[in-house]
Amino acid sequence: MPEKRVTNDDLAKIMDTSDEWIRSRTGIGERRITEEKTTANLAAGAARKALDDSGMEACEIELILVATSTPEYYFPNTACEVQAAIGAENAAAFDLSAACSGFIFALNTAHAFLQSGMYRNALVIGADVMSKVVDWKDRSTCVLFGDGAGAVVIRSEDSEKEGIRQGIMGSEGKGGEVLTCRARSNANFLTGKEPDTDYLYMNGQEVFKFAVKKVPECITRLLEETKTEKEEITYFLLHQANYRIIEAAAKRLKLPIEKFPMNIEHYGNTSGASIPILLDEMNRRGELKRGDKLVLAGFGAGLTWGAMLLTW
Ligand code: ACO
């Protein structure tokens, strides 16, 4: 995480908002904002920590996937920047874009590569610097987001009892206009037009409706497909967008909110980074036990959604 904390009260000094408004609607109390780090800097920091935990050397990594929607460059991709920063010279490296579902999509993709036998391990990173794409003059969106990165190392092992069991992903492009962030476009030497760029746009209420419907639906489908009872799951780690979305999902699934850990109060919505950051914090606090069944679930722009069942 970047070190700089920006509280709701800090924001209230520069725009017409309040701690009460933000906290009561979203559960967010503060967020981290980077002053000079790029997405790749944060991603490389998370990657180094994940490598330390895994006991692997960077040169052993065969695949690097970075889920991000806020790359510093169109090219090279962020994953190649990370590769260079950590010295993972034997890896193939590419980015994957699925906004707030990005980490689930990347983990599922890496898992498929490992299952196919093409690679034996992968470094999967979710990283976003949302502070550079939100409009700091739009109080209805800028207060929601923060910057951060999280990473995991996965390895193929013949274990029926541990690891990733199954992932599912879904997309609905026709609903995409409710949450957008335009890349540089329309530049054309024939017309002499300068490129257009834009800030993040969100229809908050539509995104809210989509999320509270889709998340329980896709978790239910995952549990059915894997013949798992919801009571067997120790924790559901959902993308940290808004505590009210998570609360509504818990209610629809008829599960106690205690099964849905949250850290949104401290970081806001870090997009593709939110799930691995939460996973890492719980792991470091010793809250995850071997054999715990976990469901990870993400949802976001695209529209996209996905969920994953794993045994810790
Ligand atoms: N501070 C104070 N007032 C504000 C602020 C703010 N930061 N932002 C908006 N308002 C005002 C509005 O101007 C409006 O005022 P008005 O009634 O005088 O016009 C009023 O508050 C209500 O605005 P709404 O947009 O209707 O507020 P709503 O209750 O819908 O809450 C929110 C907005 C929190 C964004 C909600 O729609 C939401 O949680 N949506 C989910 C979206 C989400 O979490 N997206 C995350 C990104 S997407 C993703 O991760 C997948």
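As a reminder, the structure under discussion sits directly above these lines.
Definitions and cut-offs
- Residues numbered from 1 in each chain as written.
- Predicted model: local features only at pLDDT ≥ 70, side-chain atom pairs only at ≥ 80, totals over all residues.
- Heavy atoms only, no water.
- Pairing = 2+ DSSP bridges.
- Helix = DSSP H or I, 4+ residues; strand = E, 2+ residues; numbered from the N terminus.
- Axes fitted to C-alpha atoms, helices over the stretch in contact; angles between N-to-C directions.
- Contact = heavy atoms within 4.5 Å.
- Phe/Tyr/Trp six-rings, centres within 6.5 Å; stacked < 30°, edge-to-face > 60°.
- Lys NZ or Arg CZ within 6 Å of the ring centre and 35° of its normal.
- Buried < 20%, exposed > 50% of the residue type's maximum accessible area, 1.4 Å probe, protein only.
- Lys, Arg positive; Asp, Glu negative; His and termini not counted.
- Salt bridge = Lys/Arg side-chain N within 4 Å of Asp/Glu carboxyl O.
- Polar contact = N/O pair within 3.5 Å; in protein donor to acceptor, adjacent residues only side chain to side chain.
- Near = heavy atom within 4 Å.
- Areas by Shrake-Rupley, 256 points an atom, 1.4 Å probe, with all protein chains shown as cover.

### Observations regarding the sheet that holds strand β4 (residues 92-96)
And then number 1: Read from one edge of the open sheet, four strands run β4-β3-β5-β6, paired in mixed fashion. Of all strands in the sheet, those with a lone pairing partner are β4 and β6 (147-155), marking the two edges. Neighbour to neighbour, the strand axes of the sheet diverge by 15° on average, direction disregarded.
And then number 2: Bridge count between strand β5 (residues 121-129) and β6: nine bridges; the pairing is antiparallel. Its bridge partner lying in β6, V129 is registered against D147.
And then number 3: In the packing of helix α5 (residues 102-116) onto the sheet, the strands contacted are β3 (63-67), β4, β5 and β6, and the crossing angle to β5 comes to about 165°.

### What about the packing of aromatic side chains?
And then number 1: By the definition in use, this model includes four aromatic pairs.
And then number 2: An aromatic cluster is defined as three or more aromatic residues linked by ring pairs; in this entry it consists of F94, F113 and Y119.
And then number 3: Between the NZ or CZ atom of K214 and the centre of the ring of W305, over which it lies, the distance is 4.3 Å.

### Some details on the side chain of E281
And then number 1: Within the element layout of this structure, E281 appears in helix α10 (residues 274-284).
And then number 2: Buried charge without a salt bridge: E281, with R285 as the nearest opposite-charge side chain at an N-O distance of 4.1 Å.
And then number 3: At a separation of 2.4 Å, a polar atom in the side chain of E281 contacts the side chain of Y267.
And then number 4: Apart from the residues lying within four places of it in its own chain, the contact partners of E281 are N263 and Y267.

### Thoughts on the site of the ligand
And then number 1: Surrounding the ligand, one finds 25 residues, the nearest of these being T17, Q205, H239, N242 and N269.
And then number 2: At 3.2 Å, a side-chain N or O of W21 approaches an oxygen atom of the ligand.
And then number 3: One of the side-chain N or O atoms of N242 is found 2.4 Å from an oxygen atom in the ligand.
And then number 4: Within the complex, the protein chains bury 73% of what would otherwise be the 1000 Å² of accessible surface of the ligand.
And then number 5: Secondary structure elements with two or more residues in the shell around the ligand: α2 (19-26), α6 (139-142), α7 (204-225), α8 (243-252) and β11 (293-300).

### Here's the deal with the sheet that holds strand β12 (residues 304-311)
And then number 1: With respect to topology, four strands assemble into an open sheet ordered β7-β12-β11-β10, the strand pairing being mixed. Pairing within the sheet leaves two strands with one partner each, and these edge strands are β7 (163-171) and β10 (235-238). Between one strand and the next, the sheet's axes are offset by a mean angle of 15°, whatever the strand orientation.
And then number 2: Examined bridge by bridge, β10 and β11 share four bridges and lie parallel to one another. Bridged to Y235 within β11 is L294.
And then number 3: The strands touched by α5 are β7, β11 and β12; relative to β7, the strand with the most contacts, the crossing angle is about 125°.

Take it as geometry only, folks, not as evidence of what the structure does.
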